Amino acid sequence: MTDKKDRERGSGRAGERGGEGAGRRERTGDARPLPIEWEDDEIASSEIGPLPLPPSPAPSLLRSLTLPITVPSDAEDERLDLFLASRFSDTSRSAIQRAISGGDITVNGKTVKPSHRIRAGEEIAGEIPAAPVIDAVPEDIPLDIVYEDEEIIVVNKPAGMVTHPGAGAASGTLANGLVYYLNQIGRQPPRRGGASRPGIVHRLDVGTSGLIVVAKTDRAHLNLAEQFESRSVMKAYTALVYGVVKEDSGKIEAPIGRDPRNRVKMAVTRDGRHATTLYRVVERFDEFTLLDVEIKTGRTHQIRVHLAHIKHPVVGDSTYGAGRANSIKSARLRAAVARLGRPFLHAARLGFAHPTSGASGASGPNGPSGTSGASGARGGATGERLEFTAPLPGELRAFLEQISSIPC
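Since this is a predicted model, take the numbers as computed values, not measurements.

Q: How do you make sense of the overall build of the chain when you look at a structure like this?
A: The number of helices and strands found in the chain is seven helices and 18 strands. Looking at the 408 residues of the chain, the share that counts as buried comes to 53%.

Set out below in structure tokens:
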């Protein structure tokens, strides 16, 4: 990169910049940020059962009744265990393999191996062992609390933390830390969301950092879930992508479903679910572009899939941008990407209407244990609009400084 000069860094707060660096780039004005695990990132109110919630069934009684399945043509020659694992994501692949090996799952009435290559038109029958409910047991995990009152908590989640327990992540999740925190302050977790997702109304991918709102009461959970379902929640992300994005702003409207060529990924597909993503260019570099991204829907991996679809995958995304770093000319830049160790994707802004009236005891910014410098508006009246911001975490700020200082 050339032409060193001072510049301001995007911190995730609309209209604010901080820090210095150098490098060749094009500024597009003081752009405001525009406002993800196999489920959609949002938990709709329709997913929430009536209160009181029934006790969880014993794991041995948990069975799926969705078989038999006729193998579609686009799954031709897939391994049986991988095919089923992609469709029953709450059940581990190892559990599915045991069911196949034990004869609980058959193909055209015959016992086969987990590695059996399926053919279009074959009938898979039997029972898929559903994953037992994994309770979010209390764990003393430090939380960066941006805001808290009697009804909600807004947390700045670090990259590497799973939102709630599930297959492959029984502990160390945000939900585990929240249950511990609520116990410490003498509060019972809300029943809505269940034992594994108490208070959780939306998710971030494990590699994505940033803002999540959590309900402390059942009424707040229901209201927030309805807001997400009605698309009235503003969700803004900061993303660094490969390549130079030519348009200053754009809209991606493309349906998202499972990738027919790789069932463990998502993709833009003809029969996928409607998804809309907006983006604006904040800064251009020789090899990268810094974007503000707003998602109008909450599909699994939506931002990552949509940006990869327009040939600008998120930097550091090994799932949807694998191999893209090899196109970078500078060996030092390629090494910097390899060291990043996470996708450059951060949930920078979050806005919604306060779910209940008369909330008291508000604390923020940062609440009792916050350290990120994130901030937000206080409020408590029903319908009062709240907005919160979280600056880029240190590793992402440092990466921006690196790509500015390394010659291309």
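Q: What is the right way to look at the packing of helix α1 (residues 80-87) against helix α2 (residues 93-101) in this model?
A: For any two helices packed against each other, one specifies the crossing angle of their axes together with the interaxial distance. At a closest axis distance of 9 Å, the pairing of α1 and α2 adopts a crossing angle of 130 degrees. It follows from the interaxial angle that α1 and α2 lie oblique. The two elements α1 and α2 cross, and the hand of that crossing is right-handed. Within the contact between the two elements, α1 uses L80, D81, L82, L84 and A85 and α2 uses R93, I96, Q97 and I100. Here the residues of the contact of α1 with α2 are counted per class, giving six nonpolar, one polar and two charged.

Q: Where do I start with the packing of aromatic side chains in this structure?
A: In total, this model carries five aromatic pairs according to the counting rule given. Ring plane angle 70 degrees and centroid distance 6.3 Å describe the contact between F288 and F399, whose orientation is recorded as edge-to-face. With F288 in strand β15 (residues 288-295) and F399 in helix α7 (residues 394-405), this pair connects stretches of sequence that are 111 residues apart. Both residues of the pair, F288 and F399, belong to the buried class.

Q: Would you mind going over the sheet that holds strand β4 (residues 105-107) with me for this structure?
A: Sheets are built from strands paired through backbone hydrogen bonds, the pairs being either parallel or antiparallel. Strand order across the open sheet formed by four strands is β3-β6-β4-β5, with antiparallel pairing between neighbours. Edge strands, defined here as strands with exactly one partner in the open sheet, are β3 (69-70) and β5 (110-111). In this sheet, strand β6 (residues 123-126) lies alongside β3 in antiparallel orientation, the contact comprising two bridges. By the bridge assignment, T70 is partnered in β6 with E123. The strands touched by α1 are β3, β4 and β6; relative to β6, the strand with the most contacts, the crossing angle is about 70 degrees.

Q: Looking at this structure, I do not really get the nonpolar core. What am I missing?
A: Within soluble globular proteins, side chains that are nonpolar tend to cluster in buried spots. One finds L240, F288, V315, F344 and F399 to be the most contacted residues of the largest nonpolar core, which totals 50 residues. In this structure V315 touches L240, V241, Y242, F288, V337, L340, R342, P343, F344 and F399, once residues within four positions along its chain are discounted. Formed by 18 residues, the second largest nonpolar core is a distinct cluster that contains V71, I96, V107 and V112.

Q: Even after reading the chapter, I still don't get the pairing of β15, so can you show me in this structure?
A: Two faces make up the sheet, and in a regular strand the side chains alternate between them. Extensive coverage of β15 is indicated by the burial of eight of its eight residues. Residues F288, L290, D292 and E294 of β15 are buried on one face, and the alternating residues T289, L291, V293 and I295, pointing to the opposite face, are buried as well. Bridge count for strand β10 (residues 234-242) against β15 is seven bridges, and the pairing is antiparallel. When the bridges of β15 are listed, Y242 appears paired with F288. Bridge count for strand β14 (residues 276-284) against β15 is seven bridges, and the pairing is antiparallel. Looking across to β15, one finds that R280 is bridged to D292. A loop of three residues connects β14 with β15, the two strands running antiparallel in sequence.

Cut-offs applied
Residues numbered from 1 in each chain as written. Predicted model: local features only at pLDDT ≥ 70, side-chain atom pairs only at ≥ 80, totals over all residues. Heavy atoms only, no water. Helix = DSSP H or I, 4+ residues; strand = E, 2+ residues; numbered from the N terminus. Buried < 20%, exposed > 50% of the residue type's maximum accessible area, 1.4 Å probe, protein only. Axes fitted to C-alpha atoms, helices over the stretch in contact; angles between N-to-C directions. Parallel < 35°, antiparallel > 145°, perpendicular 65-115°, else oblique. Left-handed = near helix turned anticlockwise from the far one by under 90°. Contact = heavy atoms within 4.5 Å. Nonpolar A, V, L, I, M, F, W, Y, C, P; charged D, E, K, R; others polar. Phe/Tyr/Trp six-rings, centres within 6.5 Å; stacked < 30°, edge-to-face > 60°. Pairing = 2+ DSSP bridges. Core = buried A, V, L, I, M, F, W, Y, C linked by side-chain atoms within 4.5 Å.

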